[in-house]
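Read off the chains here:
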Amino acid sequence: MGRLLEADTPAEADGYSFATEYDGPPLAYDIPRACPIDVDRIPLAALAPPSASRPDPPLVLPFPSPKRPPQVPVASPTSVIGNHVDVSGALGSSGFLDPSTEASEVADGSGALWFSGDLKGVAASSSEIIPNRPSLESALSSGFSCRSPASWNEDGEDAIAMQAEEESLGTFQESGLSSYSMSPAIGVTPRTRSEELETKIKKGACYMCLKGSRFAVKETCLVCDARYCSSCVLTAMGSMPEGRKCVSCIGSPILESNRKRLGKSSWMLKRLLSSLEVEQVVKAEKNSEANQLRPEHICVNGKKLSLEEMVLLQSCPCPPPALKPGLYWYDKVSGYWGKEGHRPDRIITPNLNIGGTLMQNASNGNTGILINGREITKVELQMLKWVGVNCAGNPHFWLNADGTYLEEGQKNIKGKIWGKPIMKLLCPVLSLPFPDKVANPSGEEVNDLVRRAVSEYLDKKTLRKLLLVGNHGSGTSTIFKQAKFLYRSVPFPEDERQDTKLMIQTSIYNYIGILLEGRELFEEESLAERKGNQQLRFSGDAELDKGKIVTEYSIGPRLKAFSDWLLKLMASGKLEDIFPAATREYAPLVEELWNDSAIQATYKRRSELQPIPSIASYFLERVVDISRVEYEPSDMDILYADGITSSNGLACVDFHFPELPCAGMSINDHDHQETLSRYQLIRVDNKGLGENCKWLHLFEDVRIVIFCVSLTDYDECYEDLNGVVMNKMMENKRLFEIIARAFEQINFLLILSKFDLLEQKIDTAPLTLCKWFDDFDPVASHHPRNNSRNNRGTNIESTKAEQAFQYVAVKFKRLFLSITGRKLFVTWANGLDSDSVHTAILYASEIIKWDEEWSMCDSIESMYNTEPSFFSH
Ligand SMILES: Nc1nc2c(ncn2[C@@H]2O[C@H](COP(=O)(O)OP(=O)(O)OP(=O)(O)O)[C@@H](O)[C@H]2O)c(=O)[nH]1
Ligand SMILES: [Ca+2]
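Residues numbered from 1 in each chain as written. Chains lettered and ligands numbered in written order. Predicted model: local features only at pLDDT ≥ 70, side-chain atom pairs only at ≥ 80, totals over all residues. Heavy atoms only, no water.

- Looking at the protein chain in UniProt, the text filed under Sequence similarities (unreviewed entry) is "Belongs to the G-alpha family. XLG subfamily."
- The annotation that UniProt attaches to the protein chain under Subcellular location (unreviewed entry) is "Nucleus". (UniProt positions renumbered as here; feature names shortened; annotations may be inferred.)

What follows is the structure in structure tokens.
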């Protein structure tokens, strides 16, 4: 008998109550017990998962003007992500854009979206102003509401705030479980708000432009079910780093009802994006962390699962199919699995060490008969009776996974229920599970299973991302393509080859245009020379004479007309509108032009034409073949083409390292891959980085930033948008500073590219032409070496190019140190040489590994440091 407490004491009379121990006679009845509250079992709504991309919590506007009509504020469609990050910048002090701002005024920004597409729809800029935006924050914190103009209903009430209150009460997704209080609350995904919003938005209309009917095809957000038409979807969903989600929903878990849609591309995606982009979106959707089933959403025998437990459950030989968040019970002896409060639903792999201890009331049975400690349901009792198990006296059974059963406290096996043929028929009739395959893995086998599953999972998680960035012309595209050639068994699938073909064909017209411009210049020069009067070059007389006097650079009227048209097209920036579509039509003219002696004469003097890239000759010399419709680019053509095909400025390639495919072995060999580390090289162009690189945060899980700078940039200039002439190296420095600040904690590898081209020009163009390098003072070398590249690390007898490399490296190292206080790693590369690219990427992977080893040492050290008492005992 437990000790009883008595309250009737003298102390009570003094105005306070103090219980004393009861020492009277034993009582004949039960004392009512006050159950202590178990704090862990108080249901709580799930916390929103952390997400860097979610804006600050919405502010409550103190006095919303009632009856404000729903309106869709506008912002530049080019600032989807940017606005999402910097909400305050995009919105006025009231939290909204100035309603007087016309869509046309702001929809014309100069930044760039990742995905190209028709973005004529009216754009919303942030969670606060997308009408349907389900505020996860507001849903999870009662009384905290996100007010958007469109969320005011006719009566001036804040519909979303009301919704938030409803949702903050907490819901369990599994039906009928809310009243069942055995388990702690399971975090659930936010419920869709689409029904309420549909009453405000015309039925079936797009949630952004509010236009269209329900018959028009729409793309739906996986988190909030908001629907967007094809004009708005890219604005609303941005670059889709986690798949099809509104920008404001990035980082939020998906609706469970949408799980079956994960990774399945849609008609609209295929229409708006290139196949590579669709592939990326689909992959992101399937793999991104936020879209995975979260272990804490699965509760087994009253205990939320850990990550390892969930992985084990999902990867066991016989897992529960289509696992959803919810409360479950699991009898690990028999393998029975069911929803809390319900009969068994499945027989899964037994002996899995997951969840808590099976409770007697797990399935809410009331028969008095126990199987493995669980009181069975009526229907199970019925089954036992039908197969002839004696249930008199409410016995307690032990049921093993192989179907053998015995009574508690006895040693004799009474029978084998799964062995009875009638069971196979009975179970389906009673809606009870029957084992697919009677299995009983030993403890050791289960341990193996755990090890394998967890290591596979961790392997998936430890995909090491390398971010490759640099200014235009820094050689990032070439390095990226080399990586594909080096590490992929099929580097460029057919569709990418076709896209590259079109890219090359367009660039050919660009090169021809540059030649034609040069031809005009040379023609004028030679006319002026003949006249013996420099002034004539610019006079009206010269123009007249030009038609009559034929020079080495003159072309016939037919080609002249073509030339004028092409140059006009280039000047208007419309070349890409016409080519490569018109390739078939103009191929014969290109052939004629190329064979013309005036063009050949101009081509000979191409070095005098500043903007023509050195690689242009490679293509120009085969211009006739290339401009034909049947042209198929070779691997070399793909590598030499300027840039990569990606309309959103983002491309990635997954590979295993460090092994290169050697004779007789494919790098994609499955067994081999398992033992290798996984890497992903992501290349983003400046457009993709956005204005002032504000999208960089999307890459915060990268393990290393590989920053590319072309060593040839020091004496090259370009005109910026305002017509200001900028030195390219200074521009590299500027971008480097921005990116180093944005990734302060991440390792950096600087690749100084185009080393071979530097060697060619350093003697004629001194490094001091760039003002940042004005104190470069190379030591003259009397022993120029042939194979200088392999000795770039030494400096005793290094060549001028090597010294320049060292000098530039130190300049960037100092700059990096001053920004981050850390060490910058530097190497060089020649993009056209696969070995040098391989060495550079290998270097990057080694930096990542060193870093991992260091952090491991650090954590072990800190364990020793923080637990002195443990070791002092
Ligand atoms: N000789 C030489 N040529 C290179 C090197 N890297 C790239 N190229 C070539 O230079 C041409 C122009 O490329 P760039 O525009 O400078 O660089 P990219 O590879 O297109 O990379 P991004 O412009 O940074 O995207 C391409 O056709 C490449 O084949 C290099 O290291 N050495
Ligand atoms: Ca380029």
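On we go.
### Some points on the overall build of the protein chain
Here comes step 1: Within the protein chain, the secondary structure is distributed over 31 helices and 22 strands.
Here comes step 2: When each of the 873 residues of the protein chain is scored for burial, the buried share is 49%.
Here comes step 3: Put simply, 68% of the contacts in the protein chain that link residues at least 6 apart link residues at least 24 apart.
Here comes step 4: In the form shown here, the protein chain has an accessible surface area of approximately 43800 Å², with 53% of it arising from carbon and sulfur atoms. (Helix = DSSP H or I, 4+ residues; strand = E, 2+ residues; numbered from the N terminus. Buried < 20%, exposed > 50% of the residue type's maximum accessible area, 1.4 Å probe, protein only. Contact = heavy atoms within 4.5 Å. Areas by Shrake-Rupley, 256 points an atom, 1.4 Å probe, with all protein chains shown as cover.)

### Looking at the sheet that holds strand 8 (residues 336-339)
Here comes step 1: One open sheet holds the five strands; their spatial order is 6-5-7-8-9, and the pairing between them is mixed. Only two strands of the sheet have a single partner each, and these edge strands are strand 6 (303-304) and strand 9 (346-347).
Here comes step 2: Where strand 8 meets strand 9, two bridges bridge the pair, whose relative direction is antiparallel. Paired with Trp337 across the bridge in strand 9 is Arg346. (Pairing = 2+ DSSP bridges.)

### Considerations on the confidence of the model for the protein chain
Here comes step 1: Mean pLDDT over the protein chain works out to 73, with 64% of the residues at or above the 70 mark.
Here comes step 2: Per-residue pLDDT stays below 50 along residues 1-17; that stretch engages in 20 contacts with residues further than four places along the chain or on separate chains.
Here comes step 3: A low-confidence stretch, residues 46-193 (pLDDT under 50), is modelled with 305 contacts involving residues beyond four sequence positions or located in other chains.
Here comes step 4: Predicted as a complex, the structure gets a pTM of 0.51 and an ipTM equal to 0.98. (pLDDT = per-residue confidence, 0-100.)

### Comments concerning the UniProt feature "binding site: Mg(2+)" (unreviewed entry) in the protein chain
Here comes step 1: The feature "binding site: Mg(2+)" (unreviewed entry), as annotated in UniProt, sits at Ser477 and Ser647 in this numbering.
Here comes step 2: Along the chain, the position of Ser477 falls in helix 15 (residues 476-487).

### Things to note about helix 20 (residues 583-595)
Here comes step 1: With 13 residues, helix 20 extends 18 Å from end C-alpha to end C-alpha; this agrees with the ideal 18 Å at 1.5 Å per step.
Here comes step 2: Of all the bends found along helix 20, the most pronounced is centred on Leu589 and spans about 25 degrees.
Here comes step 3: Among the residues of helix 20, Thr583, Tyr586, Ala587, Leu589, Val590, Leu593 and Trp594 are the ones counted as buried.
Here comes step 4: Against helix 16 (494-531), helix 18 (557-571), helix 21 (597-604), helix 22 (616-620) and helix 23 (623-626) lie the buried residues of helix 20. (Expected span 1.5 Å × (residues − 1). Bend = angle between axes of the 7 residues up to and from the residue.)

### Remarks on the site of ligand 1
Here comes step 1: Near ligand 1 there are 21 residues, and of these Ser477, Thr478, Tyr640, Arg683 and Lys754 occur at the shortest range.
Here comes step 2: Within the side chain of Asp642, a nitrogen or oxygen atom sits 2.9 Å from an oxygen atom of ligand 1.
Here comes step 3: Take Lys754: an N or O atom from its side chain is 2.2 Å from an oxygen atom of ligand 1.
Here comes step 4: The protein chains hide 92% of the 610 Å² of surface that ligand 1 would expose on its own.
Here comes step 5: Among the elements of the structure, helix 15, helix 24 (635-640) and helix 28 (755-761) are those that each provide at least two residues to the shell around ligand 1.
Here comes step 6: The greatest single-element share of the shell around ligand 1, amounting to three residues, is contributed by helix 15. (Near = heavy atom within 4 Å. Polar contact = N/O pair within 3.5 Å; in protein donor to acceptor, adjacent residues only side chain to side chain.)

### Examining the pairing of strand 12 (residues 396-399)
Here comes step 1: In strand 12, alternate side chains face the same way, and those of Phe397 and Leu399 are buried while those of His396 and Trp398 on the opposite face are not.
Here comes step 2: Summarising the sheet, strand 10 (residues 370-371) and strand 12 pair through two bridges and their orientation is parallel. Of the residues in strand 12, the one forming a bridge with Ile371 is Phe397.
Here comes step 3: When strand 12 meets strand 13 (residues 404-407), the two strands line up antiparallel, connected through three bridges. Residue pairing in the sheet places Trp398 in a bridge with Leu406 of strand 13.
Here comes step 4: Connecting the antiparallel pair strand 12 and strand 13 is a turn made up of four residues, with Gly403 showing a positive phi of about 95 degrees.

### Some remarks on the side chain of Asp225
Here comes step 1: With respect to the helices and strands, Asp225 occurs in the loop between strand 3 (219-220) and strand 4 (227-228).
Here comes step 2: Arg261 provides the closest opposite charge to the buried, salt-bridge-free Asp225, at an N-O distance of 4.7 Å.
Here comes step 3: Separated by 3.1 Å, the side chains of Asp225 and Asn258 make a polar contact. (Lys, Arg positive; Asp, Glu negative; His and termini not counted. Salt bridge = Lys/Arg side-chain N within 4 Å of Asp/Glu carboxyl O.)

### Describing unusual backbone geometry
Where the residue is not glycine, phi is negative for most of them; where a peptide bond is considered, it is trans in most cases.
Here comes step 1: If you check the backbone angles, Met240 has positive phi at about 55 degrees while not being a glycine.
Here comes step 2: One can find Met240 in the loop between helix 8 (233-237) and helix 9 (267-272).
Here comes step 3: A relative accessible area of 2% means that Met240 is categorised as buried.
Here comes step 4: Of note, the phi angle at Asn364 is positive, near 60 degrees, even though the residue is not glycine.
Here comes step 5: As for its position among the elements, Asn364 is in the loop between strand 9 and strand 10.

### Here's the deal with the environment of Pro435
Here comes step 1: Of note, Pro435 is situated in the loop between helix 13 (421-429) and helix 14 (443-461).
Here comes step 2: Taking relative accessible area as the criterion, Pro435 reaches 5% and is therefore assigned buried.
Here comes step 3: Sequence separation of Pro435 and Ile347 is 88 residues, and the distance between their C-alpha atoms is 5.5 Å.
Here comes step 4: The contacts of Pro435, once residues within four sequence positions are left out, are Ile347 and Trp418.

### Here's the deal with the packing of helix 16 against helix 18
Here comes step 1: Running from amino to carboxyl end, helix 16 crosses helix 18 at an angle of 115 degrees, the nearest separation of the two axes being 10 Å. Between helix 16 and helix 18, the interaxial angle falls into the category roughly perpendicular. As helix 16 runs across helix 18, the sense of the crossing is left-handed. When helix 16 is examined against helix 18, the residues Tyr509, Asn510, Ile512, Gly513, Ile514, Leu516, Glu517, Arg519 and Glu520 are found in contact with a partner set consisting of Lys560, Phe562, Ser563, Asp564, Leu566, Leu567 and Met570.
Here comes step 2: Partitioned by chemical class, the residues of the contact of helix 16 with helix 18 number eight nonpolar, three polar and five charged. (Axes fitted to C-alpha atoms, helices over the stretch in contact; angles between N-to-C directions. Parallel < 35°, antiparallel > 145°, perpendicular 65-115°, else oblique. Left-handed = near helix turned anticlockwise from the far one by under 90°. Nonpolar A, V, L, I, M, F, W, Y, C, P; charged D, E, K, R; others polar.)

### As for the pattern of salt bridges
Here comes step 1: Tallying each qualifying case throughout the model produces 29 salt bridges.
Here comes step 2: The partner of Lys733 in a salt bridge is Glu737, and the shortest N-O contact between them spans 3.6 Å. Residue Lys733 and its partner Glu737 are both found in helix 27 (residues 728-742); the two are separated by four residues, about one turn of the helix.
Here comes step 3: According to the relative accessible area criterion, Lys733 is buried, its value standing at 19%.
Here comes step 4: Overlapping salt bridges bring together Glu219, Arg244, Arg261 and Glu285 as one network.

### Side note on the pairing of strand 21 (residues 747-753)
Here comes step 1: Within strand 21, seven of the seven residues are buried, which leaves the element mostly enclosed by the surrounding structure.
Here comes step 2: Side chains of strand 21 alternate between two faces, with Asn747, Leu749, Ile751 and Ser753 and Phe748, Leu750 and Leu752 buried alike.
Here comes step 3: Here strand 21 runs beside strand 22 (residues 825-828); their pairing, made up of four bridges, is parallel. Across the sheet, Leu749 pairs through a bridge with Phe825, a residue of strand 22.

### Focus: the packing of aromatic side chains
Here comes step 1: Per the stated rule, a full pass over the model turns up 29 aromatic pairs.
Here comes step 2: Both rings, one in Phe748 and one in Phe816, keep their centres 5.0 Å apart while their planes meet at 40 degrees; by these two values the pair is tilted. Residue Phe748 is found in strand 21, and its partner Phe816 is found in helix 29 (residues 800-820); the two are separated by 68 residues along the sequence.
Here comes step 3: The class of Phe816 is buried, set by a relative accessible area of 0%.
Here comes step 4: A connected cluster of aromatic rings, assembled from ring pairs, spans Phe707, Phe736, Phe748, Trp772, Phe773, Phe776, Tyr807, Phe812 and Phe816.
Here comes step 5: Directly above the aromatic system of Trp772 lies the positively charged group of Lys733, at a separation of 5.3 Å from the ring centroid.
Here comes step 6: Over the face of the ring belonging to Tyr714 we find Lys761, whose NZ or CZ atom lies 5.1 Å from the ring centre. (Phe/Tyr/Trp six-rings, centres within 6.5 Å; stacked < 30°, edge-to-face > 60°. Lys NZ or Arg CZ within 6 Å of the ring centre and 35° of its normal.)

### Side note on helix 27
Here comes step 1: Between its terminal C-alpha atoms helix 27 stretches 21 Å, which fits the 21 Å expected from 15 residues at 1.5 Å a residue.
Here comes step 2: Here helix 27 has its buried residues at Met729, Glu731, Asn732, Lys733, Leu735, Phe736, Glu737, Ile739 and Ala740.
Here comes step 3: At the N-terminal boundary of helix 27, the capping side chain belongs to Asn727, with an oxygen 2.7 Å from the backbone nitrogen of Met729.

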